[in-house]
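# Observations on the three-dimensional arrangement
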Amino acid sequence: MEDGHMRIVTTGGTFDKQYDAIAGELTFHSSQLPRLLQQARCTLDVEVEAPVAVDSLVMTEEQRVLIAASCLSSPQKYVVVIHGTDTMVQTARVVAGTRTADDRHVVVFTGAMIPYSLEGSDAAFNLGSAMTAAQTMAPGVYICMGGRIFTWDNCIKNKAKGIFETLH
């Protein structure tokens with residue numbers, strides 16, 4: 001397993017949405033990730049994988065299983081998953097439930113409340129935080145949003161406040 005490398009699994013979600021002026025809505029065109037990593041002057045050896053590109057509200061259980069397989073079969077120890085915030089915890093639960101006792105992966109989920117393509121986005125901050133968290137946390141499954149790191153089973157999205165919080 002490669003410790004000095006990182007895999008980023010991008011699944012869609014608000015993070016990667018772009019405004020389509022013709023349709024008048026936010027849609028998926030192509031991942032914003034390569035441009036963001038270049039602008040951030042990222043020096044990590046990063047491999048990007050995009051098994052799905054969907055809004056997490058319409059993500060199927062089969063897609064969650066596919067994402068889990070991508071994370072846990074990664075040759076890289078550190079895995080960051082860019083995911084829609086509405087069902088991020090559900091997919092993290094699937095990944096955690098698929099892990100074996102001896103699994104050494106550190107899987108960190110992150111996303112954005114505002115698309116990277118729009119002004120005022122939290123995408124770059126969340127991605128950088130998640131990439132750092134992946135390199136510092138013990139093997140397991142985490143969610144990193146708004147500068148905070150949560151275990152997958154102790155957080156919830158507070159839709160009224162637009163933030164992630166601990167359950168207890």
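Everything discussed here concerns the structure shown above.
Below is a short write-up of the structure. Owing to the predicted nature of the structure, the values given are computational and were not obtained by experimental measurement.

## Describing the environment of Phe150
Positionally, Phe150 belongs in strand β8 (residues 148-151). Judged by its relative accessible area of 3%, Phe150 is buried. Apart from residues no more than four positions distant in its own chain, Phe150 is found in contact with Tyr142, Ile143, Met145, Cys155, Phe164, Glu165 and Thr166.

## Some details on the nonpolar core
Counting 24 residues, the largest nonpolar core has Cys71, Val81, Val107, Phe109, Ile143 and Phe164 as the members making the most contacts within it. Per element, the largest residue contribution to this core is six residues, and it comes from helix α3 (residues 88-98). The residues contacting Ile143, other than those within four sequence positions of it, are Met88, Val89, Ala92, Phe109, Arg148, Ile149, Phe150, Trp152, Cys155 and Phe164. If you look at the next biggest cluster of nonpolar residues, it comprises 20 residues, including Leu33, Tyr78, Ala112 and Ala134.

## Section: the pairing of strand β6 (residues 106-110)
Along β6, five of the five residues are buried, which leaves the element largely enclosed by surrounding structure. The alternating pattern of β6 places Val106, Val108 and Thr110 and Val107 and Phe109 on opposite faces, both of which are buried. Looking at chain direction, strand β5 (residues 76-82) and β6 are connected through five bridges and run parallel. Considered in β6, the bridge of Val79 is made with Val107.

## A few points about unusual backbone geometry
One can expect most non-glycine residues to show negative phi and most peptide bonds to be in trans. Even without being glycine, Arg41 reaches a positive phi, approximately 60°. Within the secondary structure, Arg41 sits in the loop between α1 (33-39) and β4 (45-49).

## Notes on helix α4 (residues 123-136)
Relative to the 20 Å expected for 14 residues at 1.5 Å per residue, α4 spans 20 Å between its end C-alpha atoms, a close match to the ideal helical length. The set of residues buried in α4 consists of Ala123, Asn126, Leu127, Ser129, Ala130, Met131, Ala133 and Ala134.

## Brief notes about the pattern of salt bridges
Taken as a whole, this structure holds seven salt bridges when the rule is applied. In this structure, the salt-bridge partner of Arg99 is Asp103, at a minimum N-O distance of 3.2 Å. On the accessibility criterion, Asp103 (12% relative accessible area) is buried. For Glu165, the salt bridge goes to Lys161, with nearest N and O atoms at 3.3 Å. Looking at Lys161, the relative accessible area reads 57%, which means it is exposed. Through salt bridges that share partners, Arg7, Glu47 and Glu49 make up one connected network.

## Some details on the environment of Cys71
Position of Cys71 among the secondary structure elements: in helix α2 (residues 61-72). Residue classification places Cys71 among the buried positions, given a relative accessible area of 0%. Along the backbone, Cys71 and Arg99 are 28 residues apart, and their C-alpha atoms lie at a distance of 9.6 Å. Each residue touching Cys71, except ones within four places of it in the same chain, is listed here: Val9, Val79, Val81, His105 and Val107.

Calculation notes
- Counting restarts for each chain: residues are numbered from 1 in the order of the written sequence.
- Local features in this predicted model are restricted to residues of pLDDT 70 or higher, and side-chain atom pairs are both shown and tallied only at a pLDDT of 80 or more, whereas totals for entire chains, interfaces and linings draw on every residue.
- For side-chain calculations, the full set of non-hydrogen atoms in the structure is used, while hydrogens and water are omitted.
- Put simply, DSSP marks the helices as runs of H or I at least four residues long and the strands as runs of E at least two long, and each gets a number from the N terminus on.
- Burial classes follow relative accessibility: with a 1.4 Å probe on protein chains only, a residue under 20% of its type's maximum area counts as buried, one over 50% as exposed, and anything between as partly exposed.
- Contact between two residues is taken to exist if any of their heavy atoms lie within 4.5 Å; hydrogens are not considered.
- Definition used in this section: a nonpolar core is a set of buried Ala, Val, Leu, Ile, Met, Phe, Trp, Tyr and Cys residues joined via side-chain atoms within 4.5 Å.
- Pairing between strands requires that DSSP locate at least two bridges from one strand to the other.
- Given a helix with a known number of residues, its expected span is that number minus one, times 1.5 Å.
- We define a salt bridge as a contact between a side-chain nitrogen of Lys or Arg and a carboxyl oxygen of Asp or Glu at a distance within 4 Å.

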